[in-house]
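# Understanding the architecture of this molecule
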Amino acid sequence: MARAQHLVLSRTAPARAPARPYARVRRHRRWLVPLLVAMLLAQMAAAMVTTAVRQTPTIDEPVYVATATDYLHEHRIRYNPEHPPLGKLLIEAGVAVAGPHYDPSYPGTQGDVGRHLLYESGNDPWRLMLWARLPVIALTLLCGLVAFAFARELTGTAGGLVALALYAFSPDLIAHGSLATLDMPAAGFVLTSAWLVWWARRRPALYLPLAGAALGAAVATKMSTLPAVPVLMGLAVVSVLAAGRDRAATPVDGTDSGTGTGTGTGRRFTRGGREDDTLRRTVPSTLAGPAGGRRRRALSALVGPVGGRRRTVLSLLAGMAGGRRYEALSTPVGPAGSRRRTDESAHVGPARDGRRRDLAPRAGTAGGRWRRVSGAAGGAGVMGLVAVGVVWVSYLAVDPRLRFSPAEPVPPLHGLRGRLVALLPLPPAYRAGMRVQFAFEDQPWQGYLFGHLYTGSRWYYLPAALLVKTPLGLLALGAAGAVALVAVRRLRPAAPYLLLPPGVLLAAAMTGARDFGTRYALFVPVFLAVTAACVPAGAPWPGRRRTAAVTAALVLWTAVSSLRTFPYYLPYANEAFGGPAQTHRLLHDSNVDWGQDLGRLADRLRREPPGERVWLVYKGSGVPSYYGIRAADPRDVPADRVHGLLVVSDSAVAKARGKLAELIASSHPVGDVGHSISLYRR
């Protein structure tokens, strides 16, 4: 009676199931993730475009824009041979839209040609620079998608969003991604190549040529990425060997459904040499869970047609006994013809024509190992050939006849370095550019670090500068992610792909002679963002919620730190070093002052009292008179005649010696412009 009453009540007023707290979020997850990705990229795009609109040309930009314009009009390799043409071809796409007037017969150095193009040829430098910067902005956003995809492949969707958020809010990436320079494209191409090499663990034949194309794009953009070539080719060998083990071993380590690393604790089973996805889904779902759940699933497996029950039971036995036993058990299930073919392929015997045939060597034999190693080396060789081909194609895109007529003399290179450069299978203009780069490395340059001016270089300059210029949240999560990559077993296969390329490139950059800024190591925050995504995925289950909360807090801290520095991203310093207003006391050059605030200085001077004399020491490629700045150089007159407003670029302040240092010391500071130009009154 009670049962009947219960049935009647259930028909008329069914009881509602308790609402799950995140059911609505899960229901809308399909569109929520793309929306978050779009919002993060839109924020980054808005920051970069706003910065690009407000900044005047930096020191290097006029050279690249003039070279791209020469590519467009003259189709020749004449200016800036020290950098390959691919990045400037990217800039050329924006220059073509701007359509500037260009005089190819103008004499002078590449810097002179750049200033002539911007300020003396009837062009609007604001419009021309914006169009030249837009292709780099677009490529920076695409590299953000690569960072998201890489982290998502390793750690899941949440990890991908963490990586993209850290990437999109990184002040250094926003600052250099908004400029018509080569540093951000080169870093993005290296990340893309590492990502594709990781994907080659699944399908080497497809992804290794693509990885070679991305690597070639990096080498065809900046020569400083050359140390990544042997690293990524070595990782290509690792990927091909891993793919071979996955195909040969039965069972092999499968993809953990929680992380997607391909090294989880789940199992993959093979049927006839191919992965059996049905079995991989059936075994864990049937054997996992409490005993009651297992019993119900086991009973449900016995319901259905006879053939289906037999296959399901054999699949369960395979999960408990091992993949090889599954092959043996599952062979008799199919039709007689398929059993006969399976038996023939599993044994060595006489063929139908009487000749004895042998199978390919097994993976565990010496012949099988040699075959795998030679195949892996061949895959890496294909990747290297594609990379070299991309470099050649970039030069052929400029001039199909590969003419090289440099505007400035190319220095000779002797000794071992000269012989090695001559042996490279690269275009002559590329090798000439390498000679120019080596000549730069042989010159004594001045550096500035933590208030000390020095001549030469310091091996610890780049790590120290990165410590100042990287948000604290990104530093903390990146360091913890690196530890998780090495310590957590299911994440460990990804460690060399995320740690070796930036590590080798950073070590090579630390040996350089030019301590000019973190732009020489821009790949570090790019890879660090992906590495940071491994923190929540590598946490143990009991503390995973706490780790996720800490990760979210550090990402939020990075976002707030980035938003607070808007729109002055170039002189950014994290809170531990006093913020952007204090960066000029610690670093110089492209870390702080790269000539980007000449337009803002003109706006500031218009608000000053009229008639006041302005004295200017400016470091940059801009022309102050074009922006309406009427000023004189205080170093050209006696000190007692310098009265009024003294304006000095912070890089010049850092290097001030002699008369300029005396003028600054005897003046009263009254403010700054963009945290890159200091104002004094005398």
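It should be noted that the structure appears before, not after, this text.
Residues numbered from 1 in each chain as written. Predicted model: local features only at pLDDT ≥ 70, side-chain atom pairs only at ≥ 80, totals over all residues. Heavy atoms only, no water.

### Things to note about the overall build of the chain
Heads up, the condition is: Here a strand is any run of E in DSSP of at least two residues, a helix any run of H or I of at least four, and the numbering for each starts at the N terminus. Any two residues having at least one pair of non-hydrogen atoms within 4.5 Å are treated as being in contact. The accessible surface values rely on the Shrake-Rupley method and a 1.4 Å probe; as for residues, cover is taken only from the protein chains in view.
Summing up its helical and strand segments, the chain has 29 helices and ten strands in all. Residue pairs at least 24 apart in sequence account for 71% of intrachain contacts in the chain once pairs closer than 6 positions are excluded. A total of about 32,100 Å² of accessible surface is found on the chain, and carbon and sulfur atoms cover 61% of it.

### Looking at the packing of helix 10 (residues 183–199) against helix 11 (residues 204–219)
Where we set the bar: Each axis is a line fitted through C-alpha atoms, and for a helix only the stretch in contact is used; angles between axes span 0 to 180 degrees, taken between their N-to-C directions. Orientation labels follow simple angle bins: below 35 degrees gives roughly parallel, above 145 gives roughly antiparallel, 65 to 115 gives roughly perpendicular, and whatever is left gives oblique. Each crossing is labelled by how the near helix is turned from the far one, with a counterclockwise turn of less than a right angle marking it left-handed and a clockwise turn marking it right-handed. Here the term charged refers only to Asp, Glu, Lys and Arg, the term nonpolar to Ala, Val, Leu, Ile, Met, Phe, Trp, Tyr, Cys and Pro, and the term polar to all other amino acids, Gly among them.
As a packed pair, helix 10 and helix 11 sit with axes 8 Å apart at the nearest point and diverge in direction by 165°. As summarised for this structure, helix 10 and helix 11 are arranged roughly antiparallel, according to the angle between their axes. In this structure, the crossing between helix 10 and helix 11 has a hand that is left-handed. Here Ala 186, Phe 189, Val 190, Thr 192, Ser 193, Leu 196, Val 197 and Trp 199 of helix 10 lie close against helix 11, whose contacting residues are Tyr 207, Leu 210, Ala 211, Ala 214, Leu 215, Ala 217 and Ala 218. The class makeup of the residues in the contact of helix 10 with helix 11 is 13 nonpolar, two polar and no charged.

### What about a nonpolar patch on the surface?
Selection criterion: Distance thresholds for patches are 9 Å for like charges and 5 Å for nonpolar side chains (Val, Leu, Ile, Met, Phe, Trp, Tyr), applied to residues having over 30% relative accessible area and no salt bridge. Salt bridges are defined by distance alone: a side-chain nitrogen of Lys or Arg within 4 Å of a carboxyl oxygen of Asp or Glu. Accessible area is worked out with a 1.4 Å probe on protein chains only. A residue is then buried under 20% of its type maximum, exposed over 50%, and partly exposed in between.
Taken together, the side chains of Trp 31, Leu 35, Leu 36 and Met 39 make up a nonpolar region of the molecular surface, amounting to roughly 390 Å² of accessible area. Along the polypeptide, Leu 36 turns up in helix 3 (residues 29–54). In this structure Leu 36 comes out as partly exposed when scored by relative accessible area, which is 31%.

### Section: helix 11
Worth spelling out the cut-off: Given a helix with a known number of residues, its expected span is that number minus one, times 1.5 Å.
The terminal C-alpha atoms of helix 11 lie 22 Å apart, and with 16 residues this matches the ideal 22 Å at 1.5 Å per residue to within 8%. Taken residue by residue, helix 11 has Pro 204, Tyr 207, Leu 208, Ala 211, Gly 212, Ala 214, Leu 215, Gly 216, Ala 217, Ala 218 and Val 219 as its buried positions.

### Quick notes on the side chain of Ser 649
On the secondary structure map, Ser 649 appears in strand 8 (residues 645–649). Residue classification places Ser 649 among the buried positions, given a relative accessible area of 1%. Aside from chain neighbours lying at most four places away, what touches Ser 649 is Asp 593, Val 617, Tyr 618, Lys 619, Ser 676 and Ile 677.

### Side note on the nonpolar core
Quick reminder of the rule: Each nonpolar core is a collection of buried residues, namely Ala, Val, Leu, Ile, Met, Phe, Trp, Tyr and Cys, held together in the definition by side-chain atoms within 4.5 Å.
Of all hydrophobic cores here, the largest spans 106 residues; its most connected members are Phe 150 and Tyr 167. When sequence neighbours within four positions are dropped, the list of residues in contact with Phe 150 reads Leu 191, Ala 194, Trp 195, Trp 198, Tyr 497, Leu 498 and Val 530. Within the second largest apolar cluster, 33 residues are counted, among which are Ala 98, Val 136, Leu 598 and Val 647.

### A look at the pattern of salt bridges
Inspection of the entire model under this criterion finds 18 salt bridges. Here Arg 604 and Glu 608 are joined by a salt bridge, their closest N and O atoms 3.3 Å apart. The class of Glu 608 is buried, set by a relative accessible area of 17%. The shortest N-O distance in the salt bridge between Arg 681 and Glu 608 comes to 3.1 Å.

### Concerning empty space enclosed by the protein
To keep it simple, the criterion reads: Lining residues are defined by having an atom within 4 Å of a point belonging to a cavity or pocket. Those points lie on a 1 Å grid over the protein atoms alone, cavities being sets where a 1.4 Å probe fits but cannot get out and pockets being open sets with protein on both sides within 12 Å along at least five of seven lines. Grid points are joined across faces, edges and corners, and a volume is the space filled by probe spheres set on the points.
Per the counting criterion, the structure on display carries two cavities of 30 Å³ or more. Taken as a whole, the largest cavity encloses approximately 90 Å³ of empty space. Lining the largest cavity are Asp 183, Ala 186, Ala 187, Lys 222, Ser 224, Thr 225, Leu 505, Arg 519, Tyr 520, Leu 522 and Phe 523. For the lining of the largest cavity, the class distribution of residues is six nonpolar, two polar and three charged. Reported here for the second largest cavity is a volume of approximately 50 Å³. Around the second largest cavity, the lining residues are Arg 458, Trp 459, Tyr 461, Leu 462, Ala 509, Met 510, Arg 514, Asp 515, Phe 516, Gly 517 and Tyr 520. Among the elements of the structure, helix 21 (461–469) and helix 23 (495–510) are those that each provide at least two residues to the lining of the second largest cavity.

### Description of helix 4 (residues 61–74)
Between its first and last C-alpha atoms helix 4 spans 19 Å; for 14 residues at 1.5 Å apiece the expected length is 20 Å, and the two agree. Counting buried positions along helix 4 yields eleven of 14 residues, so the element is predominantly enclosed. The set of residues buried in helix 4 consists of Glu 61, Pro 62, Val 63, Tyr 64, Val 65, Ala 66, Thr 67, Ala 68, Thr 69, Asp 70 and Tyr 71. Positive phi appears at His 75, one or two residues downstream of helix 4, with a value of about 55°.

### Quick notes on the packing of aromatic side chains
Which entries qualify depends on this criterion: Here a pair means two rings of Phe, Tyr or Trp (six-membered ring of Trp) with centres within 6.5 Å. Their orientation is stacked below 30 degrees between planes, edge-to-face above 60, and tilted elsewhere. Two conditions define a charge sitting above a ring: the NZ of Lys or the CZ of Arg must be within 6 Å of the ring centre, and it must be within 35 degrees of the ring normal.
According to the stated counting rule, one finds twelve aromatic pairs in the structure shown. With a centroid separation of 6.1 Å and 70° between ring planes, the pair formed by Phe 566 and Tyr 569 is classed as edge-to-face. Taking relative accessible area as the criterion, Tyr 569 reaches 0% and is therefore assigned buried. Note on Tyr 626 and Tyr 627: the rings are 5.3 Å apart at their centroids and 80° apart in plane angle, and the pair reads as edge-to-face. Classification of Tyr 627 by relative accessible area gives buried; the value is 7%. Ring-pair connections join several aromatic residues into one group, and the members of that group are Tyr 119, Trp 126, Tyr 626 and Tyr 627. Its guanidinium or amino end placed over the ring of Tyr 454, Arg 458 lies 4.2 Å from that ring's centre, counting from NZ or CZ.

### Quick look at the side chain of Asp 589
Within the element layout of this structure, Asp 589 appears in the loop between helix 26 (544–565) and helix 27 (598–606). Apart from residues lying up to four places away in sequence, Asp 589 is in contact with Phe 516, Trp 594, Lys 619 and Ser 651.

### Quick word on the packing of helix 22 (residues 472–487) against helix 23
At a minimum axis separation of 9 Å, helix 22 and helix 23 run at an interaxial angle of 130°. It follows that helix 22 is oblique to helix 23 by the angle criterion. Pair helix 22 / helix 23 crosses with left-handed handedness. Contact with helix 22, carried on its side by Ala 482, Leu 485 and Val 486, involves Ala 495, Leu 498 and Leu 499 of helix 23 and no other residues of that element. Of the residues in the contact of helix 22 with helix 23, the class split is six nonpolar, no polar and no charged.

### Description of unusual backbone geometry
A cis amide bond links Phe 566 with the next residue in sequence, Pro 567, at an omega value of 0°. Position of Pro 567 among the secondary structure elements: in the loop between helix 26 and helix 27. Its identity as a non-glycine residue notwithstanding, His 75 has a phi of 55°, on the positive side. Looking at the secondary structure, you find His 75 in the loop between helix 4 and helix 5 (86–98).

### With respect to the sheet that holds strand 10 (residues 677–681)
Condition: Should DSSP find at least two bridges between two strands, the strands are taken to pair.
As summarised here, the arrangement of the four strands in space is 7-8-10-9, forming an open sheet in which the pairing is mixed. What marks the edges here is a single partner per strand, and that holds for strand 7 (614–617) and strand 9 (668–673). Going from strand to strand, the sheet's axes swing by 20° on average, the running direction of each strand aside. Sheet analysis places strand 9 next to strand 10, joined by five bridges and oriented antiparallel. Residue pairing for strand 10: Gly 671 is matched across the bridge by Leu 679. Docked against the sheet, helix 27 engages strand 7, strand 8, strand 9 and strand 10, running at close to 125° with respect to strand 9.

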